[in-house]
Structure formats: structure tokens, C-alpha cells
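# An overview of the molecular structure
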Amino acid sequence: MPSRTQIVCTIGPASKSPDVLTQMVAHGMDVARLNFSHGSHPEHAALIASIRAVAKQAGKRIPIIQDLSGPRVQTGAGHHMDASAVKVITEKDLADLDFGVAQKLDYVCLSFVGSAADIDELKAEIAKRGGTAKAMAKVERKEALDNIEGIVTASDAVMLGRGDLGQNIPIEQVPFAEALVVHSCKNHKKPVIVATEMLKSMVQNAEPTRAEVTDIAYAIILGADAVMLSEESAIGKHPVEAVGVLEKVSLEAEKYERDFNPL
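Residues numbered from 1 in each chain as written. Predicted model: local features only at pLDDT ≥ 70, side-chain atom pairs only at ≥ 80, totals over all residues. Heavy atoms only, no water.

## What to know about the side chain of Asn 35
This is how the line gets drawn: Each helix corresponds to a stretch of at least 4 residues labelled H or I by DSSP, and each strand to a stretch of at least 2 residues labelled E; elements are numbered beginning at the N terminus. Under the rule applied, a polar contact is a pair of N or O atoms within 3.5 Å (in protein, one hydrogen donor and one hydrogen acceptor; residues adjacent in sequence only if both atoms are side-chain atoms). The contact rule is simple, with two residues in contact once any of their heavy atoms fall within 4.5 Å.
Inspection of the secondary structure assignment puts Asn 35 in strand E2 (residues 31–35). Polar side-chain contacts of Asn 35 include one of 3.0 Å to the backbone nitrogen of Ser 37. When sequence neighbours within four positions are dropped, the list of residues in contact with Asn 35 reads Thr 10, His 44 and Asp 67.

Structure representation (C-alpha cells):
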């Protein structure tokens, strides 16, 4: 039996071929994420067509998340939120949303959400375009933690972006912020994805670290509905193996989740 926990995979150069996508679905991929911080609309259209073709062939439905980039600025090897941004929905996001609605994508994830009003605005923009996509909030800054109840209530689903969050709050607080967000989503019966660095070492290595396996299990024991691969499946050397590890650890963690409530 496949795991109850959903496995979300970011699709990129390492995973875009139909062969690799087919193997990822066979190993337990449930949902595809497209990161609109990278790539052109024609490139994304090709990925969407490939994902849908592979899913159809496998007899499986694979929802697609459109992850909007928001007011993101590149800084050398990394990125962060543009401090001068007045709104979290940018002109680029609106152009990308036109494309996403036309492609009938399942979820739209808004980056750098700070309040319920940001999600309300996203929902209005989707509706204005005649779209039916669900609105997902990416929680990745302190303002979102401060307003978590309102954000969770307004959203159809939540993604916890631990990478940016770890730059916005002291890093030692990240595990407890994760617990806060997951518990809030559980209380409001909203799906929550725990994301970022879950199998970071597998970008290069064929096997995970013990700490990574523990991290995945902790997320599931807390009550995460989904766990996500970012670089691991988008640009990593072992995208198929990384999916397999998530599936294996999810199945094991699900045996114990009723016995544990760490927080």
C-alpha cells in the first residue's frame, strides 16, 4: 500500500524526462511542484504536458502546484524577500497566474505570505481569471507565524518553507515553528506540506543521512500531510532514489504516529 503521506516533488532539469517522471511516480510521487522562480512559460507548458501524460499512463492523478516567486531578490547563491516590496503578489506573479489558470493547474502557492489578506487577494486574482485552483500559503517569514491562525483559516492548504524561514527567525526555533504551523493546520483541517532540505544530502549522495530520515519521520509524527523535495528532485543526481526514501520513511513513520505526540 502507498503511504498516506503525500510526496511532493519539484520538477526541474533532473526530473523533466518522461522516463525519470515515470520512475518517480512508480516510487511514490503524488504531487508535482513547478517553481516559477525559474523557467519560461513554454518550458513549464512542456513539463505540465509531460507530468499529465506520465500520470495518465500510470493511471494516477498527479495534482500540480504552481509556486509563484513573489517579491524575491537573488543574492549571490541565495535569495530573500525584497524588503522594499509593498505587496507579495508581483506583476510577474500575475502574468504567471494568467498562464497557470489557462493550464488549469490545481494549486497556486503564494510566497512570502504575511497575513490572511494576502491569500484573500490571491483568491480574488484566481477568481477574476475564471480559475478554480486552490490557494496555498507559503509560510516562510516571521509575520506569517505571528498571523498563522488567520492565514490557515483563509488558505486551502499551507506549505512550510523552512529555508527562508530559517533566515527570518533564529534557526533553533525552526522545529518549533514547524510544530506550530502543522498543529494549526490540523486544528483547521487544512492540508500542510513540510518542505525544504528534507533530503539535502541526496542532491549529491545516493543515500540519506540519519538526521534527514529522522527529520522526515518527525514531520509525519507531528501530523504533516505531505513532505516535499526541492533541489533533490529538481537538480539533484538521485531524484528517483530520493522519492523512494521519502516513501519508505513515510510508511514506517505512519506505523508510529498514533503513539507519539512530541509537542
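## So, the environment of Ser 184
What counts, and what does not: Using a 1.4 Å probe on the protein chains alone, a residue whose accessible area is under 20% of its type maximum counts as buried, one over 50% counts as exposed, and one in between counts as partly exposed.
Relative to the helices and strands, Ser 184 is located in helix H8 (residues 174–187). On the accessibility criterion, Ser 184 (1% relative accessible area) is buried. Every residue in contact with Ser 184, bar those within four places of it in the chain, is listed here: Ile 148, Glu 149 and Val 152.

## Section: the pairing of strand E6 (residues 107–110)
Put simply, the rule is: Should DSSP find at least two bridges between two strands, the strands are taken to pair.
Pairing of strand E3 (residues 64–67) with E6, which is carried by three bridges, proceeds in the parallel orientation. Paired with Ile 65 across the two strands is Tyr 107, which belongs to E6. Pairing of E6 with strand E7 (residues 134–139), which is carried by four bridges, proceeds in the parallel orientation. Opposite Cys 109, over in E7, you have Met 136 as the bridge partner.

## Details of the pattern of salt bridges
We apply this condition: Salt bridges, as used here, are contacts in which a Lys or Arg side-chain nitrogen is within 4 Å of a carboxyl oxygen on Asp or Glu.
Applying the stated criterion across every chain, the model contains 18 salt bridges. With its nearest N and O atoms 3.4 Å apart, the salt bridge here joins Glu 125 to Lys 128. Of this pair, Glu 125 and Lys 128 both sit in helix H4 (residues 116–128), three residues apart, which is roughly one turn of that helix. For Lys 128, a relative accessible area of 63% gives the class exposed.

## A short note on the sheet that holds E2
We count it as follows: A fitted line through C-alpha atoms serves as each axis, taken over the contacting stretch for helices, and the angle formed by two N-to-C directions is quoted from 0 to 180°.
The parallel closed barrel is built from eight strands, whose spatial order is E1-E2-E3-E6-E7-E8-E9-E10. Each strand axis lies, on average, 25 degrees off the axis of its neighbour in the sheet, ignoring direction. Across four bridges, E7 lies against strand E8 (residues 157–161) in parallel orientation. Pairing of Val 139 across the sheet is with Leu 160, part of E8. Sitting on the sheet, H4 touches E6 and E7, and the angle it makes with E7 is about 150 degrees.

## Points about the nonpolar core
As a reminder, the rule being used: The set of buried Ala, Val, Leu, Ile, Met, Phe, Trp, Tyr and Cys residues whose side-chain atoms join them within 4.5 Å is what this entry labels a nonpolar core.
If you look at the biggest cluster of nonpolar residues, it comprises 74 residues, and the most contacted ones within it are Ile 11, Met 29, Leu 122 and Val 181. Here this core takes seven residues from helix H11 (residues 239–256), the largest share from any one element. Those residues in contact with Val 181 that lie beyond four places of it in its chain are Val 139, Leu 145, Ile 148, Val 158, Leu 160 and Val 192. Val 8, Met 136, Ile 193 and Ala 195 belong to the second largest nonpolar core, which has 11 residues in total.

## Comments concerning the side chain of Asp 118
Convention followed: Only four residue types enter the charge count, namely Lys and Arg as positive and Asp and Glu as negative; His and the chain termini do not.
Along the chain, the position of Asp 118 falls in helix H4. Here Asp 118 sits buried without a salt bridge, and the closest side chain of opposite charge, Arg 141, lies 4.3 Å off (N-O distance).

Purely geometric numbers; function is a separate question.
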